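Spelled out, the chains give:
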Amino acid sequence: MGALINPSILSADFANLERDLGAIAGADYAHVDVMDNHFVPNLTIGLPVVERLVKASRIPLDVHLMIEDPDRWAPGYAEAGAASVTFHAEAARAPVRLARELRLLGARAGVALRPATPVEPFLDLLSEVDMVLVMTVEPGFGGQSFIEGTLPKIRRAREAIGAADLDVWLQVDGGVSRTTIERAADAGANVFVAGSAVYGADDVAAEIGVLRAMADA
Ligand code: DX5
Ligand code: ZN
């Protein structure tokens, strides 16, 4: 499987989400950042908006939940039709149970790690999830710069996935651009979230192709 490019609509115009979803119709998934002002110091959108985005989008949704108590809230996003639902390891009380519930509801289940969260305590989760998200910035805001110190963790996660012979996707999110995507791909990532790099480009559709080609090179 080639690299997947998931533009983050956090960098879209929230008054024109349908238009801005249309601009990324050539991408693999639309990345949707849900923030609750508790797990991260920022507030975005919640379930009622995501329910509408599922209907308005021509590509599947990749929902990234930066919220407290995902055990309670995450299944609703799967029920709403999100193709992938990622919760944070630091916030989940019963991550195995939650991942199983998301899969039973028909979604891909993802587990996310903040930049300072080591991957080793969560390796037992690998067989229960479809994706690991290594945050390459501190979650909360778009437009931050890529933390190079996360590259060894991406490598360790990819090695563990390979050693267990699992088909788990490895996503990176934060500061992904033409400048950084090759290093993240070289470390083993195969799913790339990019917000400002895509929506800030002169030609949004072309930028998706450029990033995909660089990640696949
Ligand atoms: C940050 C979000 C990211 C954000 C990435 O907390 O999870 O998805 O939109 O934005 P860029 O690509 O601009 O760093
Ligand atoms: Zn995100």
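Cut-off values and rules
- Residues numbered from 1 in each chain as written.
- Chains lettered and ligands numbered in written order.
- Predicted model: local features only at pLDDT ≥ 70, side-chain atom pairs only at ≥ 80, totals over all residues.
- Helix = DSSP H or I, 4+ residues; strand = E, 2+ residues; numbered from the N terminus.
- Rg over C-alpha atoms; globule rule 2.2 N^0.38 Å.
- Buried ≥ 20, exposed ≤ 12 C-beta atoms within 10 Å, placed from the backbone.
- Contact = placed C-beta atoms within 7 Å.
- Pairing = 2+ DSSP bridges.
- Axes fitted to C-alpha atoms, helices over the stretch in contact; angles between N-to-C directions.
- Core = buried A, V, L, I, M, F, W, Y, C linked by C-beta atoms within 7 Å.
- Near = placed C-beta within 6 Å.
- Nonpolar A, V, L, I, M, F, W, Y, C, P; charged D, E, K, R; others polar.
- Parallel < 35°, antiparallel > 145°, perpendicular 65-115°, else oblique.
- Left-handed = near helix turned anticlockwise from the far one by under 90°.

Another aspect to go through is the overall build of the protein. Within the protein, the regular secondary structure consists of eight helices and eight strands. Relative to the globule expectation of 17 Å for 217 residues, the C-alpha radius of gyration of the protein, 16 Å, shows essentially globular dimensions. In terms of its C-alpha atoms, the protein occupies a principal-axis envelope of roughly 40 × 40 × 30 Å. By residue count, 43% of the 217 residues in the protein fall in the buried class. In the protein, of all internal contacts separated by at least 6 residues, the share reaching a separation of at least 24 is 60%.

As a further point, take the sheet that holds strand β4 (residues 84-88). Pairing is parallel in the open sheet, where eight strands are placed in the order β1-β8-β7-β6-β5-β4-β3-β2. Lying at the two open borders of the sheet, with one neighbouring strand each, are β1 (4-7) and β2 (30-35). For this sheet the average axis-to-axis angle between neighbouring strands, irrespective of direction, equals 25°. Sheet strands touched by helix α4 (residues 95-104): β4 and β5 (108-113). Its angle to β5, the strand with the most contacts, is close to 145°. Together, β1 and β8 (191-194) form the strand contacts of helix α8 (residues 204-216), whose direction differs from that of β1 by roughly 140°.

Moving on, we get to the nonpolar core. Of all hydrophobic cores here, the largest spans 66 residues; its most connected members are Val 85, Phe 87, Val 134 and Phe 192. Every residue in contact with Val 85, bar those within four places of it in the chain, is listed here: Val 63, Leu 65, Ala 74, Tyr 77, Ala 78, Leu 102, Ala 107, Ala 109 and Gly 110.

Here we take up the site of ligand 1. The immediate surroundings of ligand 1 are formed by 22 residues, with Ser 8, Leu 10, Gly 142, Gly 195 and Ser 196 found nearest. For the shell around ligand 1, the secondary-structure elements that each account for two or more residues are β2, β8 and α7 (196-199). Grouping the amino acids of the shell around ligand 1 by side-chain chemistry returns eight nonpolar, 12 polar and two charged.

The interhelical angle for the contact between helix α3 (residues 70-79) and α4, taken along N-to-C directions, is 15°, at an axis separation of 9 Å. One finds that α3 runs roughly parallel with respect to α4. Where α3 crosses over α4, the two elements pack in a sense that is right-handed. Facing α3, whose interface residues are Pro 70, Asp 71, Ala 74, Pro 75 and Ala 78, α4 presents Leu 98, Glu 101 and Leu 102. Classifying every residue of the contact of α3 with α4 by side-chain character gives six nonpolar, no polar and two charged.

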